Amino acid sequence: MAPKTILLTLAALQGAQAWGTLGHATIAYIAQNYLTDTTATWAKGVLSDTSSSYLANIASWADTYRSTTAGAFSAPFHYIDAEDSPPTSCNVDYDRDCGSTGCSVSAIANYTQRVGDGRLSAANTAEALKFLVHFLGDITQPLHDEALETGGNGIIVTFDGYDTDNLHSDWDTYIPEKLVGGHTLADAKEWADTLTTEIKSGAYKSVAVSWVKGDDITDAVGSAMMWATDANALVCKVVMPNGVAALQTGDLYTNGYYESVIGTVELQIAKGGYRLANWLNMIVDANLKRRGEGAQVRPLPDLMGRDLLPPLRPLSRAKMARAAIGYGCGHEH
Ligand SMILES: *[C@@H]1O[C@H](CO)[C@@H](O)[C@H](O)[C@H]1NC(C)=O
Ligand SMILES: [Zn+2]
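All of these numbers come straight from a predicted model, not from anything done at the bench. (Residues numbered from 1 in each chain as written. Chains lettered and ligands numbered in written order. Predicted model: local features only at pLDDT ≥ 70, side-chain atom pairs only at ≥ 80, totals over all residues. Heavy atoms only, no water.)

Engineer: Just to check I follow, could you spell out the state of the cysteines for this structure?
Structural biologist: Each disulfide is one covalent bond, formed between the sulfur atoms of two cysteines. For the coordinates displayed, the defined rule picks out two disulfides. Covalent S-S linkage joins Cys-90 and Cys-236, the inter-sulfur distance amounting to 2.1 Å. Around the S-S axis, the bridge from Cys-90 to Cys-236 shows a dihedral of about 95 degrees and counts as right-handed. Taken together, the residues span a long stretch of sequence, with Cys-90 in the loop between α4 (61–65) and α5 (94–97) and Cys-236 in helix α12 (residues 220–239) at a distance of 146 residues. Classification of Cys-90 by relative accessible area gives partly exposed; the value is 23%. (Disulfide = S-S within 2.5 Å. Helix = DSSP H or I, 4+ residues; strand = E, 2+ residues; numbered from the N terminus. Buried < 20%, exposed > 50% of the residue type's maximum accessible area, 1.4 Å probe, protein only.)

Engineer: What should I look at first to understand unusual backbone geometry in this one?
Structural biologist: Trans peptide bonds make up the majority, and among non-glycine residues the majority have a negative phi. Here the amide bond leading from Pro-86 into Pro-87 is cis, since omega sits at 5 degrees, within 30 degrees of zero. Assignment of secondary structure puts Pro-87 in the loop between α4 and α5. Its identity is not glycine, yet Glu-149 carries a phi of approximately 50 degrees, on the positive side. The topology assignment puts Glu-149 in helix α8 (residues 149–152). The backbone of Asp-160 shows a phi angle near 55 degrees, a positive value even though the residue is not glycine. The residue Asp-160 is located in the loop between β1 (156–159) and β2 (162–166) in this model.

Engineer: What's the story with the confidence of the model for the protein in this structure? I'm lost.
Structural biologist: Reading predicted coordinates in detail is not appropriate for stretches of low pLDDT. Mean pLDDT over the protein: 91, with 90% of residues reaching 70 or higher. Long-range and interchain partners of residues 1–16, a stretch whose pLDDT sits below 50, account for 14 contacts in this model, where long-range means more than four residues apart. (pLDDT = per-residue confidence, 0-100. Contact = heavy atoms within 4.5 Å.)

Engineer: What am I meant to see in the coordination of the zinc ion (ligand 2) here?
Structural biologist: Put simply, a metal with four donors set out as a tetrahedron has ideal angles of 109.5 degrees, and one with six donors set out as an octahedron has ideal angles of 90 or 180 degrees. At the metal site, the zinc ion (ligand 2) is ligated by His-78 (ND1), His-134 (NE2) and Asp-138 (OD), and these contacts range over 2.1 to 2.2 Å. Donor residues binding the zinc ion (ligand 2) come from one chain and are separated in sequence as H-x55-H-x3-D. With His-78 in the loop between α4 and α5 and Asp-138 in helix α7 (residues 122–138), the pair connects residues that are 60 residues apart, well separated along the chain. Like Asp-138, His-78 is buried. (Donors = N, O, S within 2.8 Å, 3.2 Å for Na, K, Ca; no water.)

Engineer: Would you mind showing me how to read helix α9 (residues 167–180) here?
Structural biologist: Along an α-helix, a turn takes 3.6 residues, which lines up residues three or four apart on a common side. Look at α9: 19 Å from first C-alpha to last across 14 residues, which is about the 20 Å you get at 1.5 Å a residue. Thr-173 marks where α9 bends most, by close to 35 degrees; the proline Pro-176 follows one to four residues later. Within α9, 10 of the 14 residues are buried, which leaves it mostly tucked inside the rest of the structure. Buried within α9 are the following residues: Leu-167, His-168, Ser-169, Asp-170, Trp-171, Asp-172, Thr-173, Ile-175, Pro-176 and Glu-177. (Expected span 1.5 Å × (residues − 1). Bend = angle between axes of the 7 residues up to and from the residue.)

Engineer: Whenever I open this one, the site of ligand 1 confuses me. Can you help?
Structural biologist: Around ligand 1 sit Phe-73, Phe-77, Asn-110, Tyr-111, Arg-114, Glu-127, Met-304, Gly-305 and Leu-309, and those are all the residues in its vicinity. In this structure, Tyr-111 approaches ligand 1 through a side-chain N or O atom, which is 2.7 Å from an oxygen atom. Measuring from a nitrogen atom of ligand 1, one finds a backbone N or O atom of Met-304 at 2.6 Å. Surface burial for ligand 1 is 84%, taken as the share of its 370 Å² of free accessible area covered by protein chains. Ranked by residues supplied to the shell around ligand 1, first place goes to helix α6 (residues 104–115) with three residues. (Near = heavy atom within 4 Å. Polar contact = N/O pair within 3.5 Å; in protein donor to acceptor, adjacent residues only side chain to side chain. Areas by Shrake-Rupley, 256 points an atom, 1.4 Å probe, with all protein chains shown as cover.)

Engineer: Please explain the packing of α12 against helix α13 (residues 257–292) as it appears in this structure.
Structural biologist: Packed helix pairs are characterised by how far apart their axes lie and by the angle those axes make with each other. Across the interface, α12 lies against α13 with an axial gap of 11 Å and an inter-helix angle of 170 degrees. The angle between the axes of α12 and α13 places the two elements in the roughly antiparallel class. Residues Ala-220, Ser-223, Trp-227, Asp-230, Ala-231, Leu-234, Val-238 and Val-239 of α12 form the contact with α13, whose own contacting residues are Tyr-257, Ser-260, Val-261, Thr-264, Gln-268, Lys-271, Arg-275 and Trp-279. Its residues placed into classes, the contact of α12 with α13 shows nine nonpolar, four polar and three charged. (Axes fitted to C-alpha atoms, helices over the stretch in contact; angles between N-to-C directions. Parallel < 35°, antiparallel > 145°, perpendicular 65-115°, else oblique. Nonpolar A, V, L, I, M, F, W, Y, C, P; charged D, E, K, R; others polar.)

This is the structure we're talking about:
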């Protein structure tokens, strides 16, 4: 086998992960830079990890977990299948797009409620935090907020000489790795430091506040819908501004596509990290305040989050396509 064939086979076996491990670890490292001391201490305790990579270490756990029998239920939580019509029209509608078994938006709401509740076991609390660190990353990847061709998994393209790539895995993994040159934790840390500098004093300084504007942990569905809508708009504007067929002419690395999207890839990773930190800080703040208010009896929320799901309705074609492939098992989405 030629070396390239071996690489492709390995990639197919492993299944590229949503924002690959590089993207998720980078988002986690950026978030670590913006957690308050109180939140950082809380997170280290929940995860039983006091190392300097406490969030980065678990950032891709959800992608491993989804492919286990025990974790199969969480496969639909990595995306919301917006049934819009890019590039003409992009939009997300919770009732239309969140599947009856849940989606990224309902999952973020569910694990926000669970992680801060204080009445769950240590293992369940850690699970909730690991899911949040991952899903607040996934939701910034535009193709995780798009139903077309199963989030682009069905769009076969050529990137950097590889002619069996699909658009989704290029966005998740191969485009970021091309920029950074690797996918180790050290690579992620370095990329996170660069993007953190951009937030603190560079290109993102004046816009970062807009990334978290309106975020409200008492309305997690509404907040996550804003993030999904923000990323979904980029499907029309940046991911496929000229439609699908235009993506299938030539090598996306050398025909100008890479240059046209790489700035957006960096922006979305930076956003994901900044939002994640703000979200976790708000969760910890709210829980400290609540405890400070004394022994007020709180109503018990439905910690299974059933009330967070949209009303049941017949399956659309896009949702049937998902169900047919086992919600992405063996696929990247
Ligand atoms: C909430 O989380 C629990 C534990 O992982 C899970 O069993 C349940 O299905 C989730 N509910 C939603 C709406 O995501
Ligand atoms: Zn994922």
